[in-house]
Amino acid sequence: GLDAYDDGNIFAKILRKEIPVEVIYEDDYAFAFPDIAPQVPVHVLIIPKGRYVSFADFSAQASETEIAGFTRAVGKVARQLGVEESGYRVISNSGLNAGQEVPHYHVHLCAGAPLGRLLQ
Ligand code: 5GP
């Protein structure tokens, strides 16, 4: 089905530490690491530890504890990176029309420069 999770996806391998990665932040609910192709000066990916394909999947299937833990972790990463005051953007591409490439739910934390308006 649409939400069948593939344990062979690249972020699953990163979570299992099968691929070397710089760990920016880790707790029970979240794992943060640099995007391999940064689009902005600070471009970090944050993923939940559970097996969720997309935002659509995570928002519908994750427990309230996982959702709360993940959301708090995103805020902690921003604080840790020192971008809380200057500001940042959290983006998640969910599914085909959004161009989602990796089928493990993730958010992009983008910061470090004025980001412009995403939607006009
Ligand atoms: P999305 O699925 O949100 O459209 O984009 C996936 C993001 O993951 C892209 O920004 C891409 O640069 C990043 N990415 C893809 N493969 C890897 C990888 O192996 N390691 C890291 N650190 N980032 C990756």
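Above: the structure in question.
For clarity, every value in this text was computed on a predicted model and none was experimentally measured.

> Can you walk me through the overall build of the protein chain in this structure?
Regarding its fold elements, the protein chain presents three helices and five strands. Reading the protein chain from its N end, one meets helices and strands in the order α-β-β-β-α-α-β-β. The C-alpha radius of gyration of the protein chain comes to 14 Å, within 12% of the 14 Å expected for a compact globule of 120 residues. On the principal axes, the C-alpha backbone points of the protein chain span a range of 40 × 30 × 30 Å. Out of the 120 residues belonging to the protein chain, those deemed buried represent 24%. Residue pairs at least 24 apart in sequence account for 61% of intrachain contacts in the protein chain once pairs closer than 6 positions are excluded.

> Is there a simple way to explain unusual backbone geometry in this structure?
Note: most peptide bonds trans; most residues except glycine with negative phi. Unlike most non-glycine residues, K17 shows phi in positive territory, near 65 degrees. Tracing the chain through its elements places K17 in the loop between α1 (10–15) and β1 (25–26).

> I'm lost on the nonpolar core in this one. Help?
The nonpolar side chains of soluble globular proteins are, as a tendency, buried together. Judged by nonpolar contacts, the single largest core of 23 residues is most densely connected at A30, A32, I46, I47, V77 and L109. Listed by contribution, the elements that provide at least two residues to this core are β2 (30–34), β3 (42–48), α3 (64–81) and β5 (107–111). Among residues more than four places away in sequence, those in contact with L109 are V44, I46, V74, V77, A78, Y88 and V90.

> Would you explain the sheet that holds strand β4 (residues 88–91) in this entry?
Across a sheet, strands are paired by hydrogen bonds formed along the backbone, either parallel or antiparallel in direction. If you trace the five strands from one edge of the open sheet to the other, you get β1-β2-β3-β5-β4, paired in antiparallel fashion. With partners counted over all chains shown, the strands left at the sheet margins are β1 and β4, one partner each. Of the pairings in the sheet, the one linking β2 to β3 comprises five bridges and is antiparallel in character. In the sheet register, A30 faces β3, and the bridge partner there is P48. Each of β1, β2, β3, β4 and β5 touches α3; the most contacted strand, β3, lies at about 160 degrees to it.

> Can you walk me through the site of the ligand in this structure?
Near the ligand the following residues occur: I10, F33, P34, D35, I36, A37, L45, N93, G99, Q100, E101 and V102. Of the residues that constitute the shell around the ligand, the class distribution is seven nonpolar, three polar and two charged.

> Help me understand the pairing of β2, please; the structure alone is not making it clear to me.
Remark: a regular strand shows side chains that alternate across the two faces of the sheet. Counting buried residues in β2 gives four out of five residues, a clear majority hidden from the surface. Remark: three residues form the turn of the hairpin made by β1 and β2, two consecutive strands paired antiparallel.

> Looking at this model, I keep getting lost on the environment of K49. Mind explaining?
Take K49: it is sitting in the loop between β3 and α2 (55–61). Between the alpha carbons of K49 and F70 there is a distance of 8.9 Å; along the sequence they are 21 residues apart. Setting aside residues up to four positions removed in sequence, K49 forms contacts with L15, Y29, A30 and F31.

> Which parts of the structure should I look at to understand the environment of H106?
Within the secondary structure layout, H106 lies in the loop between β4 and β5. Sequence spacing of H106 and S94 is twelve residues, and the spatial spacing of their C-alpha atoms is 9.1 Å. Among all residues touching H106, those that are not within four sequence positions of it are F11, L45, I46, I47 and S92.

Rules behind the numbers
- Residues numbered from 1 in each chain as written.
- Predicted model: local features only at pLDDT ≥ 70, side-chain atom pairs only at ≥ 80, totals over all residues.
- Helix = DSSP H or I, 4+ residues; strand = E, 2+ residues; numbered from the N terminus.
- Rg over C-alpha atoms; globule rule 2.2 N^0.38 Å.
- Buried ≥ 20, exposed ≤ 12 C-beta atoms within 10 Å, placed from the backbone.
- Contact = placed C-beta atoms within 7 Å.
- Core = buried A, V, L, I, M, F, W, Y, C linked by C-beta atoms within 7 Å.
- Pairing = 2+ DSSP bridges.
- Axes fitted to C-alpha atoms, helices over the stretch in contact; angles between N-to-C directions.
- Near = placed C-beta within 6 Å.
- Nonpolar A, V, L, I, M, F, W, Y, C, P; charged D, E, K, R; others polar.

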